[in-house]
Amino acid sequence: MAHILEVRNLRAGYGEFEVLRDINIHVDKGEIVAIVGPNGAGKTTLLRTIMGYTTVYSGSVLFKGIDITRRKVHERVAMGLMLVPEGRGLFPNLTVEENLLIGAYLEKNPKKISERLETVYSIFPRLRERRSQLAGSLSGGEAQMLAIGRGLMSSPDLLMIDEMSLGLAPKLVLSLFDMVVKLNREHGITLVIVEQHVKNSLEISNRGYVLENGRIVLEGDSRQLLGNEMLKKAYLIY
Ligand SMILES: Nc1ncnc2c1ncn2[C@@H]1O[C@H](COP(=O)(O)OP(=O)(O)OP(=O)(O)O)[C@@H](O)[C@H]1O
Ligand SMILES: [Mg+2]
């Protein structure tokens with residue numbers, strides 16, 4: 001199957017500061033792919049590079065077979081690529097609905113925008129209930145739903161989610177993972193998830209990559225990775 005996303009021999013970073021080296025990854029349409037690794041490994045930098053926010057020194061990023069390495073962020077969004085950033089990036093002084101509408105900023109057709117809003121509210125009924133509430137007053141779980149909902153408002157084919165479960169209670173983490181599976185199965189969205197919860201993320205994904213010091217050190221089927229002794233020891237999977 002053709003890859004929806006392909007990263008080839010990528011070196012990237014911030015200004016002079018190189019973070020990623022020799023990165024080769026791919027994502028097939030319909031997959032859930034997990035990216036795991038220790039703090040500072042470069043996971044966020046990899047997602048931000050795919051989205052177009054960093055400096056690429058060499059190598060390329062292909063989306064739907066098109067080289068997007070030099071494309072602007074909004075062009076990538078228009079092509080169906082979206083990132084839900086680490087830390088959520090919400091506007092605390094805007095309402096839930098205003099935050100959602102920002103996610104659809106490239107869409108000018110009001111009918112399409114309201115259809116998307118309806119879809120997001122059907123996925124997250126809690127957001128509908130709180131549509132007029134300020135984003136800054138949401139609970140941690142609700143804020144994460146809003147961040148994902150805003151990502152969905154651009155109608156992405158590939159959604160990347162960075163550390164969605166950071167700081168959330170275990171029960172909430174599980175329901176967010178269920179929601180990711182639902183987005184994949186019922187809404188046909190391809191997903192890349194970066195996670196601290198290594199075991200959970202490998203359990204719901206098809207494949208995984210382990211990033212350390214800016215390089216991919218291990219990759220494979222998630223089920224195989226779950227049984228990998230090195231990974232078990234490093235991330236205390238049991
Ligand atoms: N805006 C920036 N400017 C310069 N260096 C940065 C910037 N953002 C991150 N870095 C550096 O890049 C490296 C990789 O950081 P990154 O945030 O990608 O790691 P991470 O794997 O996402 O870590 P974490 O698990 O803590 O989120 C780190 O050394 C970090 O200090
Ligand atoms: Mg990070």
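Residues numbered from 1 in each chain as written. Chains lettered and ligands numbered in written order. Predicted model: local features only at pLDDT ≥ 70, side-chain atom pairs only at ≥ 80, totals over all residues. Heavy atoms only, no water.

K.L.:
Outline the site of ligand 1, supporting the account with residue identities and numerical values.
P.N.:
The full set close to ligand 1 counts 14 residues, and Gly40, Lys43, Thr44, Thr45 and Glu86 are the nearest of them. Measuring from an oxygen atom of ligand 1, one finds a side-chain N or O atom of Asn39 at 3.0 Å. Taking Glu86, its side chain carries an N or O atom lying 2.8 Å from an oxygen atom of ligand 1. Computed on the free molecule, ligand 1 has an accessible area of 640 Å², of which 63% lies beneath the protein chains in the complex. Of all elements in the fold, only strand 2 (17-28) and helix 1 (43-51) reach the threshold of two or more residues within the shell around ligand 1. For the shell around ligand 1, the element with the highest residue contribution is helix 1, accounting for three residues. Of the residues belonging to the shell around ligand 1, the class tally is five nonpolar, six polar and three charged. (Near = heavy atom within 4 Å. Polar contact = N/O pair within 3.5 Å; in protein donor to acceptor, adjacent residues only side chain to side chain. Areas by Shrake-Rupley, 256 points an atom, 1.4 Å probe, with all protein chains shown as cover. Helix = DSSP H or I, 4+ residues; strand = E, 2+ residues; numbered from the N terminus. Nonpolar A, V, L, I, M, F, W, Y, C, P; charged D, E, K, R; others polar.)

K.L.:
Lay out the layout of surface pockets with the relevant residues and their values.
P.N.:
Here the largest pocket is characterised by a volume of approximately 390 Å³. What lines the largest pocket is a set of 20 residues, among which Tyr53, Met82, Leu83, Pro85 and Arg150 lie closest to the centre. Of all the secondary structure elements, the ones that give two or more residues to the lining of the largest pocket are helix 1, helix 2 (73-79), strand 6 (81-84) and helix 6 (140-152). For the lining of the largest pocket, the per-class residue count stands at twelve nonpolar, four polar and four charged. Of the domains in this structure, domain 1 (1-80 + 159-168 + 185-238) and domain 2 (90-155) are the two that each give at least three residues to the lining of the largest pocket. (1 Å grid on protein atoms, 1.4 Å probe; cavity = no way out; pocket = protein on both sides within 12 Å on 5 of 7 lines; lining within 4 Å. Points joined across faces, edges and corners; volume = space filled by probe spheres on them. Domains from an automatic or database assignment.)

K.L.:
Any chance you could break down the domain arrangement of the protein for me, citing the residues and the numbers?
P.N.:
For an interface, size is often stated in terms of accessible area lost upon the parts coming together. Split into domains, the protein comes out as domain 1 (1-80 + 159-168 + 185-238) and domain 2 (90-155). For the domain 1 and domain 2 pair, buried surface summed over both sides reaches about 790 Å², with 78% attributable to carbon and sulfur atoms. Seen at the junction of domain 1 and domain 2, the total is zero salt bridges. Counting the contacts that link domain 1 with domain 2 gives zero residue pairs in polar contact (both at pLDDT 80 or more). When contributions to the side of domain 1 that touches domain 2 are tallied by element, the ones reaching two or more residues are helix 2 and strand 7 (158-162). In terms of residue class, the side of domain 1 that touches domain 2 is built from seven nonpolar, two polar and one charged. (Buried area = accessible area lost by both parts, 1.4 Å probe. Salt bridge = Lys/Arg side-chain N within 4 Å of Asp/Glu carboxyl O.)

K.L.:
Would you mind going over the nonpolar core in detail, with residue names and values included?
P.N.:
With 79 residues, the main nonpolar core has Ile148 and Leu159 as its most contacted residues. Mapped onto the domain boundaries, this core takes at least three residues apiece from domain 1 (1-80 + 159-168 + 185-238) and domain 2 (90-155). (Core = buried A, V, L, I, M, F, W, Y, C linked by side-chain atoms within 4.5 Å. Buried < 20%, exposed > 50% of the residue type's maximum accessible area, 1.4 Å probe, protein only.)

K.L.:
I'd like a rundown of the pairing of strand 8 (residues 190-194), residues and numbers included.
P.N.:
Judged by how many residues are buried, strand 8 sits mostly within the fold: five of five residues are covered. With four bridges connecting them, strand 3 (residues 32-36) and strand 8 associate as parallel partners. Bridging from a neighbouring strand, Ile35 pairs with Val194 of strand 8. (Pairing = 2+ DSSP bridges.)

K.L.:
Tell me about the coordination of the magnesium ion (ligand 2), and name the residues and values.
P.N.:
Taken together, the protein ligands of the magnesium ion (ligand 2) are Thr44 (OG1) and Glu86 (OE), with distances of 1.9 to 2.7 Å. Within this pair, whereas Thr44 is found in helix 1, its partner Glu86 is found in the loop between strand 6 and helix 3 (96-102), the two being separated by 42 residues in sequence. Given the relative accessible area of 21%, Thr44 is considered partly exposed. Take Glu86: its relative accessible area is 39%, and that puts it in the partly exposed class. (Donors = N, O, S within 2.8 Å, 3.2 Å for Na, K, Ca; no water.)

K.L.:
Requested: an account of the packing of helix 6 against helix 7 (residues 170-187), with residues and values cited.
P.N.:
In contact at an axis separation of 11 Å, helix 6 and helix 7 are set at 15° when each is read in the N-to-C sense. Our classification of the angle between helix 6 and helix 7 gives roughly parallel. The interaxial crossing formed by helix 6 with helix 7 has right-handed handedness. In this structure, helix 6 uses Gly141, Gln144, Ile148 and Leu152 to contact helix 7, whose residues at the interface are Leu172, Leu176, Met179 and Leu183. In the contact of helix 6 with helix 7, the residues fall into six nonpolar, two polar and no charged. (Axes fitted to C-alpha atoms, helices over the stretch in contact; angles between N-to-C directions. Parallel < 35°, antiparallel > 145°, perpendicular 65-115°, else oblique. Left-handed = near helix turned anticlockwise from the far one by under 90°. Contact = heavy atoms within 4.5 Å.)

K.L.:
Talk me through helix 7; I want residue IDs and the actual numbers.
P.N.:
With 18 residues, helix 7 extends 25 Å between its outermost C-alpha atoms, agreeing within 8% with the 26 Å of an ideal straight helix rising 1.5 Å per residue. If you follow the buried residues of helix 7, they end up packed against strand 3, helix 4 (110-123), helix 6, strand 7, strand 8 and helix 8 (198-204). After helix 7 finishes, the residue Gly188 shows a positive phi value of roughly 65°. (Expected span 1.5 Å × (residues − 1).)

K.L.:
I'd like a description of the environment of Glu115, backed by residues and values.
P.N.:
Mapped onto the fold, Glu115 is located in helix 4. Between the alpha carbons of Glu115 and Met153 there is a distance of 9.5 Å; along the sequence they are 38 residues apart.

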